[in-house]
Amino acid sequence: MRTTRRLFLRVFLPIATVLVGVALSYGYRDLESKLAELRNQEYTRTQLGAVALASSVEPVTRGLKYLARLSALHTAVDQPTPQNLENLAQEFSTFAESMQLYDQVRWIDETGMERIRIDLHHGQAELVAPDKLQNKAQRYYFTDALKLKLGEVFISPLDLNIEHNQIELPYKPMIRFATPIADQQGNKRGIVILNYYGNVMLQAFAKATSEQGMAINSAGYWLKSPDTSDEWGFMLKRPELSLAMRSPAAWKLISSTDSGQVTLNDGLWTWATVYPHQAGHRSGASSPEAKGPSAQEQALPLYFWKSVTHQSAQTLSAIRQTIALKVASVFSLFLVLSAWSSWKLAHAWRSLADSEEKYQTIANFTYDWETWISPTGEQIFNSPSCEKMTGYAADAFNAEPNLLLRITHPEDQALMSDHLDHHRTQNEACELNFRIILPSGEVRWIEHACLPVYGKDHAFLGRRASNRDITDRKLAEAQIRQLAYFDPLTGLPNRRMLYDRLHFALAQAKRFERSLALMFLDLDYFKKINDTLGHEVGDQLLKEVAKRLESCVRSGDTVARVGGDEFIIVLTEITAPHDAAQVAQKILAAMAASIRLDGQELNVTMSVGITVYPVHGDDDVQSLMKKADMAMYEAKSAGRNTYAFFEMANLINAQPAGSNHESETTHNPTA
Ligand SMILES: Nc1nc2c(ncn2[C@@H]2O[C@H](COP(=O)(O)OP(=O)(O)OP(=O)(O)O)[C@@H](O)[C@H]2O)c(=O)[nH]1
């Protein structure tokens, strides 16, 4: 479990690190994108607001200049007859009613006295009666405008209309546009003045900024704000209702630059500036005060409006939180998924390592030599045990695909070569035994079993083989075979082997109509040797006799020991009994030479009984054995150290040719 956990950490930690990096990078980019979108939106709003303010001023100045050029005005100025004044009033009324933008349309003469005044009430132009006309000589807009050159336009600050020294309710935002007029001699004869409804402009501004914009005058007071309670602070004598007081840092930047965008502690500020005087072609003096003389003579246009938007710090923080939450939830999901996958992978690795370990342990400790050969004949795997078995390391087999064939015993190479050629790609199991020669020259028997290997997709993956060292088994088998078929003392075939061969030889003789002789040989007086010289000497003597018997026959003949001092010889290549007689004589002659054993010279003789197929009968194996045995006893009876044919022993009891046997049978062993 500890190993699995370690593997898990090795997989998961790098993935988690990458995921954290990706999440942070993605989150940062997403936040940047959202903030950029917000900044663009704010920038667009302030620009649209500024355009709305500037474009509201332009038509008013054009309308003012139109009035200043009216012939009815100049006629009335030059000849202010009741008729002319009435004509002018008519023109002013028509203008006011058609435009619906102005609260008042007036001509104020050079003394400050209102000469023609049209008030708009509920859309209707009303001429103010002469006795209701006022003198405006003390008003700043009169004095400032009268100072202008002909053609120049005075634009007052945007403020609330004041009637009878009270701010008119509901609030009536107002801007006064005025320009001087002159008579035919060029003497200034007062001004034409329009009281413009500021609300029209402010509504256009609000609409352009989606109700989110703030129109602020040059003193930092709100003219229009999403929060209406902030508006008109300068008129209400409440300095706290100004951006200059509410957010000094922001106002410092906004008032000092025409446009910009900045993120401060209290949020994102975006602004643009409108100079209404510049928009009116020519500028005149202005005053931030509602009443009174001009604060500035005809100076630079310090009066401006700011189109401003503000996104609070809370709004920005909410955007960050939303993105952080989104990224965190996606990141958590990926983290959980990768943790789960890493755990599964670690578990699989662990299982694989376990099975590899088990497999390696089995491969290392197996006594058999396990191999795997690819379909193209490459050695994919050789278990380490191959070195103990062959004297060559597994790497040697992997490096030399032909090594197995090379170390195969020459007598088995054809078998192995055939196996490798024919079975490598065959869909069948195969078993074979072969010998290999070790580097030391030692020969070992290998039992080889192989079968094809298929993958899960039934693809042929080559052959898997198991090789086992069966040298000891082969030796044991050979020993068993030796014990079963051979006489342990002399190494001659025993009775069982004799019978096998005799059966075969007799069948062959019968089939090919050939002759066969069976000789039964028994040592004479062997018991005495044992009794006098000991069993050991008797054994040595038997071995020497066996050798001498073998030397007397051909390679196709069989010499077997079937009893203590009894031997059988099968002669397969005779044509007549005479041939067998010659072999018998040869044997008796071979025995005649003394044998030196244990420092003594020994002389032994043998009695030999012979039967010949088919001369002595068309017999079976048992009959042949019996007849030969009987013949041997005949030879014993005849005095030993001689041979006798079965036929002759029974019927004529005659000595075979070469009667000198008699003399040979008189030889006694020298015990
Ligand atoms: N040394 C030795 N003696 C054996 C072995 N097998 C049998 N004998 C002895 O061989 C002798 C065989 O004797 P027999 O064939 O009966 O008699 P013999 O002395 O040869 O006399 P005849 O055959 O009549 O000439 C017995 O004394 C057995 O004990 C053996 O493997 N080794």
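All values reported here derive from a predicted model rather than from experimental measurement. (Residues numbered from 1 in each chain as written. Predicted model: local features only at pLDDT ≥ 70, side-chain atom pairs only at ≥ 80, totals over all residues. Heavy atoms only, no water.)

Caption draft 1: Fine view of the overall build of the protein. Broken down by element type, the protein carries 21 helices and 26 strands. In the protein, which comprises 671 residues, the share counted as buried stands at 45%. Carbon together with sulfur atoms contributes 55% to the accessible area of the protein, which is approximately 34400 Å² in total. (Helix = DSSP H or I, 4+ residues; strand = E, 2+ residues; numbered from the N terminus. Buried < 20%, exposed > 50% of the residue type's maximum accessible area, 1.4 Å probe, protein only. Areas by Shrake-Rupley, 256 points an atom, 1.4 Å probe, with all protein chains shown as cover.)

Caption draft 2: Broad picture of the packing of aromatic side chains. This model, assessed by the stated rule, comprises 15 aromatic pairs. Arranged with centres 5.6 Å apart and planes meeting at 50 degrees, the rings of Tyr454 and Phe460 form a pair that is tilted. For Tyr454, a relative accessible area of 38% puts it in the partly exposed group. Relative accessible area serves as the criterion here: at 27%, Phe460 is assigned to the partly exposed category. Centre to centre, the rings of Tyr643 and Phe645 are 6.1 Å apart; their planes meet at 85 degrees, and the pair counts as edge-to-face. Exposure remark for Tyr643: the relative accessible area of 1% places this residue in the buried category. Take Phe645: its relative accessible area is 6%, and that puts it in the buried class. Every member of this aromatic cluster is reached through a ring pair, and the members are Tyr66, Phe95, Tyr102, Phe177 and Tyr196. The residue whose ring lies beneath Lys474 is Trp445, and the NZ or CZ to ring-centre distance is 4.3 Å. (Phe/Tyr/Trp six-rings, centres within 6.5 Å; stacked < 30°, edge-to-face > 60°. Lys NZ or Arg CZ within 6 Å of the ring centre and 35° of its normal.)

Caption draft 3: Quick look at the packing of helix H17 (residues 535-551) against helix H18 (residues 577-592). In contact at an axis separation of 9 Å, H17 and H18 are set at 140 degrees when each is read in the N-to-C sense. If you check the angle between H17 and H18, you find them oblique. Viewed along their axes, H17 and H18 form a crossing whose handedness is right-handed. Contacts between H17 and H18 involve Val545, Arg548, Leu549 and Ser551 from the former and Lys586, Ile587, Ala590 and Met591 from the latter. Its residues placed into classes, the contact of H17 with H18 shows 5 nonpolar, 1 polar and 2 charged. (Axes fitted to C-alpha atoms, helices over the stretch in contact; angles between N-to-C directions. Parallel < 35°, antiparallel > 145°, perpendicular 65-115°, else oblique. Left-handed = near helix turned anticlockwise from the far one by under 90°. Contact = heavy atoms within 4.5 Å. Nonpolar A, V, L, I, M, F, W, Y, C, P; charged D, E, K, R; others polar.)

Caption draft 4: Summary view of the sheet that holds strand E17 (residues 430-437). The sheet built from 5 strands is open, its strands ordered E16-E15-E19-E18-E17 with antiparallel pairing. At either end of the open sheet lies a strand with only one pairing partner, and these are strand E16 (379-382) and E17. Between one strand and the next, the sheet's axes are offset by a mean angle of 25 degrees, whatever the strand orientation. Relative to strand E19 (residues 460-469), strand E18 (residues 443-454) is paired through 9 bridges, and the arrangement is antiparallel. Residue pairing in the sheet places Val453 in a bridge with Gly462 of E19. The sheet contacts of helix H13 (residues 413-423) involve E17, E18 and E19, and relative to E17 the element is tilted by about 140 degrees. Packed on one face of the sheet, helix H14 (residues 471-485) meets E17, E18 and E19 and runs near 125 degrees to E18. (Pairing = 2+ DSSP bridges.)

Caption draft 5: Highlighting the nonpolar core. Judged by nonpolar contacts, the single largest core of 51 residues is most densely connected at Phe92, Phe177 and Trp305. Considering each element in turn, this core owes the most residues, 7 residues, to helix H1 (residues 2-68). (Core = buried A, V, L, I, M, F, W, Y, C linked by side-chain atoms within 4.5 Å.)

Caption draft 6: Here's a closer look at the packing of helix H2 (residues 71-78) against helix H3 (residues 82-99). At their nearest, the axes of H2 and H3 sit 8 Å apart, and the two run at 150 degrees to each other. Classified by the angle between their axes, H2 and H3 sit roughly antiparallel to one another. As H2 runs across H3, the sense of the crossing is left-handed. On the side of H2, the interface is formed by Ala72, Leu73, Thr75 and Ala76, while H3 contributes Asn84, Leu85, Leu88, Glu91 and Phe92. Residue composition of the contact of H2 with H3, grouped by class: 6 nonpolar, 2 polar and 1 charged.

Caption draft 7: Layout of a nonpolar patch on the surface. Taken together, the side chains of Val18, Val22 and Tyr26 define a hydrophobic patch exposed on the protein surface, amounting to about 290 Å² of accessible area. Tracing the backbone through its elements, the reader meets Tyr26 in helix H1. (Patch = residues over 30% accessible without salt bridge, like charges linked within 9 Å, V, L, I, M, F, W, Y side chains within 5 Å. Salt bridge = Lys/Arg side-chain N within 4 Å of Asp/Glu carboxyl O.)

Caption draft 8: Local environment of the pattern of salt bridges. In this structure the tally under the stated criterion is 32 salt bridges. Between Arg62 and Glu58 there is a salt bridge, with its nearest N and O atoms 3.4 Å apart. Here the residue Arg62 and the residue Glu58 both occupy positions in helix H1, the gap between them amounting to 4 residues, near one helical turn. A salt bridge links Asp354 to Arg350; the nearest nitrogen and oxygen atoms lie 2.7 Å apart. Taken together, the positions of Asp354 and Arg350, both in helix H9 (residues 313-365) and 4 residues apart, correspond to about one turn of that helix. Judged by relative accessible area, Asp354 falls into the partly exposed class, the value being 26%.

Caption draft 9: A look at H1. For H1, which comprises 67 residues, the first-to-last C-alpha distance of 98 Å matches the rise-based estimate of 99 Å (1.5 Å per residue) to within 8%. The axis of H1 is deflected most strongly, by about 25 degrees, at Phe12, and proline Pro14 appears within four residues downstream. (Expected span 1.5 Å × (residues − 1). Bend = angle between axes of the 7 residues up to and from the residue.)

Caption draft 10: Quick peek at the sheet that holds strand E25 (residues 606-613). An order of E21-E22-E20-E25-E26 is seen for the 5 strands of this open sheet, with the pairing classed as mixed. One side of each edge strand has no neighbouring strand; the edge strands of this open sheet are strand E21 (558-561) and strand E26 (643-645). Here the average twist between neighbouring strands, direction ignored, is 20 degrees. Helix H19 (residues 621-637) rests against strand E20 (515-523), strand E22 (566-574), E25 and E26 of the sheet, and its axis sits at about 140 degrees to E25.

Caption draft 11: Representation of the site of the ligand in the model. Around the ligand, 16 residues are found, and the nearest of them are Tyr525, Lys527, Asn530, Asp539 and Arg561. In this structure, Lys636 approaches the ligand through a side-chain N or O atom, which is 2.9 Å from an oxygen atom. Arg640 places a polar side-chain atom, nitrogen or oxygen, 2.9 Å from an oxygen atom of the ligand. Out of a free accessible area of 650 Å², the ligand has 68% covered by protein chains. For the shell around the ligand, the secondary structure elements donating two or more residues are E20, helix H16 (526-533) and H17. Of all the elements, H17 adds the most residues to the shell around the ligand, at 4 residues. Class assignment of the residues belonging to the shell around the ligand gives a composition of 4 nonpolar, 4 polar and 8 charged. (Near = heavy atom within 4 Å. Polar contact = N/O pair within 3.5 Å; in protein donor to acceptor, adjacent residues only side chain to side chain.)

Caption draft 12: Up close: the UniProt feature "transmembrane region" (unreviewed entry) in the protein. UniProt's feature table lists "transmembrane region" (unreviewed entry) at residues 7-28, given in the numbering used throughout. End-to-end, the C-alpha atoms of residues 7-28 are 32 Å apart, and along that stretch the chain is 100% helix and 0% strand. (UniProt positions renumbered as here; feature names shortened; annotations may be inferred.)

Caption draft 13: The arrangement of the side chain of Asp368 in detail. Mapped onto the fold, Asp368 is located in the loop between H9 and strand E15 (369-373). Ignoring any residue separated from it by four or fewer positions in sequence, one finds Asp368 in contact with Ser383, Ser385, Met389, Ser466, Asn467 and Arg468.

Caption draft 14: A look at H18. When the terminal C-alpha atoms of H18 are compared, their 23 Å separation across 16 residues agrees well with the 22 Å that a helix rising 1.5 Å per residue should span. Of all the residues in H18, the buried ones are Ala580, Ala581, Val583, Ala584, Ile587, Leu588 and Met591. The arc that holds every buried residue of H18, seen down its axis, measures 160 degrees, which confines them to one face. Turned more than 90 degrees away from the buried face of H18 sit His578 and Ala592, all of them exposed. (Arc of directions from axis to C-beta.)

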